[in-house]
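Listed below, chain by chain, are the residues.
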Amino acid sequence: MMQAEIWGCLVVTLLCGVSILPKKYITTVTACYLLVKPSQEATYACLLPLHILVKWKALAHHILRPRASGPLEDLQQTSKTVLHEYLQYNAFGLNFVDMASSSAFHPHSKHTIKRSWWKESTVYQIYPASFKDSNGDGWGDIPGIISKLDYIKSLGVDMVWLSPILQSPQQDMGYDISDYMDVDELYGTMADHDALIKGLHDRGMKYVLDLVVNHSSDQHPWFQQSRSSKDNPYRDWYIWRPAKYDQDGNRVPPNNWESAFSGSVWEWDETTQEYYLHLFATGQPDLNWENPKVVEAVHKVIRFWLDRGVDGFRMDVINFISKEPGLPDGKITKPGFLQSGVEHFACGPRLHEYLQGIGKILLEYDAFSVGEMPGVHDTKEILKAVGQDRGELAMAFNFDIVDIDHAPEGKWIPRPFTLRKLKEIVQKWQTFMLDNGGWNAIYMENHDQSRTISRYCSDAPEYRTLSAKLVASHLALQSGTLFVYQGQEWAQKNVPRDWDLSHYKDIEVLNHWKTILRDHPDDKELQERTKKQYWLIGRDNARTPIQWNANDRYAGWTTSDPAKKPWMDIHPDYTTWNAEAAVADPNSAFHYWRKLLELRKKEKDTLIYGRFQMLDMDHEDICAYVRTADDGRRALVIGNWKEQVVHWTVPKEVAELLSDEHILPDFKNYKEETLFKTQGGKTTITLRPYETIVAIG
């Protein structure tokens, strides 16, 4: 059904709503339309209930009255808005939201996607403390990274992003910066950093620095000055508030916001007798972006690194930099005083002003950017930050997928992962960005997320590589800039299940465990359930030192002798699972990833810029989607996300791609023949556990 036909139905309904036409015309017109053009999509477009016409009446009067500019465009845009709002009602038990985002409603992108080098790139993320230790001090460093640049290049990536390596007391592994213009000695020197940039550029790769400017370290000179007295010039570089008092005269924090790392976001300062705001750890006070001097200082930092050869930035929790004036209490969603409060700082009123200021600098240098944007699920809000004509960010990490398996009340409260929910999210973001001139950052692993094969598939030995390849094809063939996290390329898995909390290092887990023991000392069931969630989604899963080989007790992570024990324990399976073994095995996940990245570049018209459509949304075991280029070339990606054989009836519109002519043998994760048959006009494929298939034609 064409968009023009949908607008026709909407206009008829709007006219009825303002009494230009009697409401009975809805029944007559739509019935005639369905006789002429019978289809599921037409039915959905026409079934617009009369009970919301009252709401439409005001909108229709607004857009139909004489105005200075664009009445047709206004009519279409408002009709789209009304339709979207109506679809949320999910009337008649039909899944209107899925239909509205499908290719039936958007047969062609409404915006022409502007091509760019970074849209066609793949980013490899390094967590420096865990990547490679060059000097035997038990901590990964920049010279260690330099020693592995040829390995990284051989994978076929285009950019390398390092988690923070700037000066820091390491309360949150470098995300608490005490000097924005110098490298921490744990990682090396500025000369080492310059050598890293040169090494990357010499190999045709670009370098992405982690920019953490929502907050600094409490050891930063700015904060040391700020907390020294109320009249210090740096006082309002941070967010300070006086105490409140309860009815008994007890001092209480200025509001009820809860820190991401447990406890209140407010820390009392004895020297100046006020609280300072820290959305994360107490050692990470939030910068006050309302102060123009803070904005100016951040811009200076950005220019400093771009002038030194950095090619772009990953921006930590960048959507938190603007807070709602007055810092009101968060809405009550759970028992107790402390509440999330995220609605008051996830996308504050001046966010886009600040991002546009950064964007102007990035544009001068043709620099890359990706913003981390937690707490935002509204497509329109993220589009404001990443729309190709907005002048803000290139793309953003949204959290819809990595939030699937925990409750809204908190990440340590488990919620079952469902494939259908994953498919809904992927369909939503893929189609929305392509249709509206935005761009996606494609990821499922990073330094804050656990290993995908353990979290969503199976890390059992017989399924580990199969699962890694399944996830790889699922991610790599979507539209967007692709992010691969260290170890993901050779099927790294979560920490051992039998590790107790003495092995864990993450401040988020350790602080939360203290609150569990404090508030629920006798609830052993809750304690065990919480520890299982730490294992499933905890950040330490992504931070074990990289297993380079099977040669010694430190898995080649350090070559110094003698060497200190690594800062975090190495996974004990390194004798079997390591990077060297993966490179040597032509059937490993490493080479599967390498070939996928080659395919993305070769078929970029289809796989990077082509349209997207998820298939069979209701199926609980199969995730399959089709990509379509402007010239009609298509790619079909099929995956069985279950540990059992599944028989799937292939939709007719893509069944022709399931032939030996179109199936790509390099991207099958089983050596055996693909099992499919066509009978009675239906094609059925039999998929083994965690099997994936890619076809193009």
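In this text, all values refer to a predicted model and were calculated from it rather than measured experimentally.

A. Just the overall build of the protein chain, in detail. A tally of helices and strands in the protein chain yields 23 helices and 24 strands. Carbon and sulfur atoms make up 53% of the accessible area of the protein chain, which totals about 28800 Å².

B. Main features of the packing of helix 18 (residues 507-519) against helix 19 (residues 524-537). The contact between helix 18 and helix 19 brings their axes to 11 Å, and the two run at 170°. With respect to their mutual orientation, helix 18 and helix 19 come out roughly antiparallel. Two secondary-structure elements touch here, helix 18 through Val509, His512, Trp513, Ile516 and Leu517 and helix 19 through Leu526, Gln527, Thr530, Lys531 and Tyr534. In terms of residue class, the contact of helix 18 with helix 19 is made up of six nonpolar, three polar and one charged.

C. Just the sheet that holds strand 12 (residues 368-372), in detail. Pairing is parallel across the open sheet formed by eight strands, whose spatial order is 13-12-11-5-2-1-17-16. In the strand order of this sheet, the two ends are held by strand 13 (395-397) and strand 16 (441-442), each with one partner. Two elements, strand 5 (residues 206-211) and strand 11 (residues 312-315), share four bridges in a ladder whose sense is parallel. Bridged to Leu209 within strand 11 is Phe313.

D. Structural view of the environment of Phe304. One can find Phe304 in helix 12 (residues 292-307). Taking the C-alpha atoms as reference, Phe304 lies 7.5 Å from Met181; in sequence the two are 123 residues apart.

E. Molecular detail of the pattern of salt bridges. With the rule as written, the count across this model stands at 44 salt bridges. Between Arg227 and Asp269 there is a salt bridge, with the nearest N and O atoms lying 3.1 Å from each other. Here Arg227 is found in the loop between helix 11 (221-226) and strand 6 (240-241), whereas its partner Asp269 is found in strand 9 (residues 266-269), with 42 residues between them in sequence. On the accessibility criterion, Arg227 (24% relative accessible area) is partly exposed. Several salt bridges share partner residues, and in doing so they unite Asp172, Lys411, Asp448, Asp506, Glu508, Arg539 and Arg543 into one network.

F. Expanded view of the nonpolar core. In this structure, Ile152, Trp289, Phe313 and Phe483 are the most contacted members of the largest nonpolar core, which totals 183 residues. Residues contacting Phe313, with those up to four places away along its chain left out, are Val208, Leu209, Leu211, Ile302, Trp305, Leu306, Leu362, Phe368, Ser369 and Val370.

Calculation notes
Residues numbered from 1 in each chain as written. Predicted model: local features only at pLDDT ≥ 70, side-chain atom pairs only at ≥ 80, totals over all residues. Heavy atoms only, no water. Helix = DSSP H or I, 4+ residues; strand = E, 2+ residues; numbered from the N terminus. Areas by Shrake-Rupley, 256 points an atom, 1.4 Å probe, with all protein chains shown as cover. Axes fitted to C-alpha atoms, helices over the stretch in contact; angles between N-to-C directions. Parallel < 35°, antiparallel > 145°, perpendicular 65-115°, else oblique. Contact = heavy atoms within 4.5 Å. Nonpolar A, V, L, I, M, F, W, Y, C, P; charged D, E, K, R; others polar. Pairing = 2+ DSSP bridges. Salt bridge = Lys/Arg side-chain N within 4 Å of Asp/Glu carboxyl O. Buried < 20%, exposed > 50% of the residue type's maximum accessible area, 1.4 Å probe, protein only. Core = buried A, V, L, I, M, F, W, Y, C linked by side-chain atoms within 4.5 Å.

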